[in-house]
Amino acid sequence: MENRGNFASRMGIILATAGSAVGLGNVWRFPFMTGHNGGAAFILIYFGCILLLGIPGMVSEFIVGRHSQANAARAYHQISGGRRLWRSVGYLGIVTATIILGFYAVVAGWCLQYLFASVMGQLNGDADYVLSYFQTFSSHPWKPVLWAVAFILITHLVVVRGVQKGIERASKLLMPLLFVLLLIIVAASCSLPGAMKGVEFLLWPDFSKVSSDVMLEALGQAFFSLSLGTACLCTYASYFSKDTNLLRSASQIALLDTLIAILAGLMIFPAAFSVGVEPDSGPSLIFITLPNVFQQAFSSLPLVGYVIGILFYALLVFAALTSTISMHEIGTAFFTEEFHLPRTRSAWVVTIVCSLLAVGCSLSVGAVDGITLFGLSLMDFCDFITAQIMLPLGAFLTSLFVGWFVDQRLLRDEFTNQGTVSVHLFRAYQFAVRFIVPLCILLIFLHQLGVV
């Protein structure tokens, strides 16, 4: 079996793992939820959810991965002493990540197309034109498929080079670029007339909007934003060195993820309010609303609007790529270690499987009728089954496994790096992973089903 490799630096660990969490959802979902759920009040609640659920959940998956130094399936198998039930948790994470990569690549491919269209100046036009452009493109028989597969192939080119030369090197390039692009667009957006109304909408605390639903929304955002339940954190942690401070790393990753999400809001809302547009959430924000917003906001400086459009879609491509790299690596590590395949061949297995799934998902949302499961398009079904069932289930079982099944001396040794890190916070972590984390995940699951 090939040498698994390890991250070469602490910075590589932070940027790669944060990159797995930073994705398209940071650009539209977090800002939208913040603005409509109390602004800074929502952010404060979100930070509380990060402390209660996000960081303990991340540390738990880090412990499983780093202790085992193996892919997700083997990691749970080793720590459980070969129990099939717990090994299945690793398999569940691998399957979940593969499905997500398949349909996520479709939206990422749309971002590639829009980056190309922005460079070529094809998005200049009125609101009706931009709407028809998206409808025409998304229902085209082969263009979205081509871009989705192209995005998976770009991801493949990174993963096939290994941990240090591929994943870590790409993360050290993409994450700083993403941050710089964000700052440039934030500066341009906040310089527009009336932009401060957007800043107030995002950051002004309105505690009158806080309710039990808002708290549950913040809890769900903390869960999904940090990639809990996908086996990504477990897989990346298997490349951590033994002296990596897991608690500090989890805290820094959560903070970086949140900072980028807030900056995304400062990029979107000031420009939107400057031209009198209140952004919707979801894909319509990225592919219909924002192209119009940037064109209107910089109508007096068309060259600036042109450049901002290009930078925005480049930012989306970078954000999507850091996420797809981590999802691809989960399956690649599995096939390399369990089937003793060279990394190149393992990466191709994942690439082909995810490309086939991406083709089906892409065709199901416009070009071909009848690609459905249980009354949903294939893409909507994949989104539903992963977000509503597989992710919460995987994270819930992991918290039970780490909190109640794993030897607590092993847990303490990993948490404290064999006693070299202060043990004072271990009891708080132990209580959280046993009681608070499972309860939070259960509440998220029930909230998504409309029960609470």
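One structure accompanies this document, and this report is about it. (Residues numbered from 1 in each chain as written. Predicted model: local features only at pLDDT ≥ 70, side-chain atom pairs only at ≥ 80, totals over all residues. Heavy atoms only, no water.)

**A few points about the overall build of the protein**
Helix and strand content of the protein: 18 helices and two strands. A globule of 452 residues ought to have a C-alpha radius of gyration of about 22 Å, and the protein, at 21 Å, matches this closely. Projecting the C-alpha coordinates of the protein onto the three principal axes gives extents of approximately 65 × 50 × 45 Å. Classification of the 452 residues of the protein by burial places 58% in the buried group. Taking as baseline every contact in the protein between residues at least 6 positions apart, the subset at least 24 positions apart corresponds to 80%. Of the roughly 17800 Å² of accessible surface on the protein, 67% is carried by carbon and sulfur atoms. Positive and negative charge centroids in the protein, built from 23 and 22 side chains respectively, lie 14 Å apart. (Helix = DSSP H or I, 4+ residues; strand = E, 2+ residues; numbered from the N terminus. Rg over C-alpha atoms; globule rule 2.2 N^0.38 Å. Buried < 20%, exposed > 50% of the residue type's maximum accessible area, 1.4 Å probe, protein only. Contact = heavy atoms within 4.5 Å. Areas by Shrake-Rupley, 256 points an atom, 1.4 Å probe, with all protein chains shown as cover. Lys, Arg positive; Asp, Glu negative; His and termini not counted. Charge placed at Lys NZ, Arg CZ, Asp CG, Glu CD.)

**Describing the layout of surface pockets**
By volume, the largest pocket amounts to about 1100 Å³. What lines the largest pocket is a set of 41 residues, among which Gly25, Trp28, Phe103, Tyr104 and Asp383 lie closest to the centre. Going through the elements one at a time, helix H1 (10-21), helix H2 (24-36), helix H5 (84-119), helix H6 (127-138), helix H10 (212-225), helix H13 (283-297), helix H14 (302-338) and helix H16 (378-405) are the ones with two or more residues in the lining of the largest pocket. The element that contributes the greatest number of residues to the lining of the largest pocket is H16, accounting for eight residues. Here the lining of the largest pocket is composed, by residue class, of 23 nonpolar, 15 polar and three charged. Of the voids in this model, the second largest pocket is the one considered here, and its volume is about 260 Å³. If you trace the second largest pocket, you find 16 residues lining it, with Leu123, Asn124, Gln295, Gly305 and Tyr306 closest to the centre. (1 Å grid on protein atoms, 1.4 Å probe; cavity = no way out; pocket = protein on both sides within 12 Å on 5 of 7 lines; lining within 4 Å. Points joined across faces, edges and corners; volume = space filled by probe spheres on them. Nonpolar A, V, L, I, M, F, W, Y, C, P; charged D, E, K, R; others polar.)

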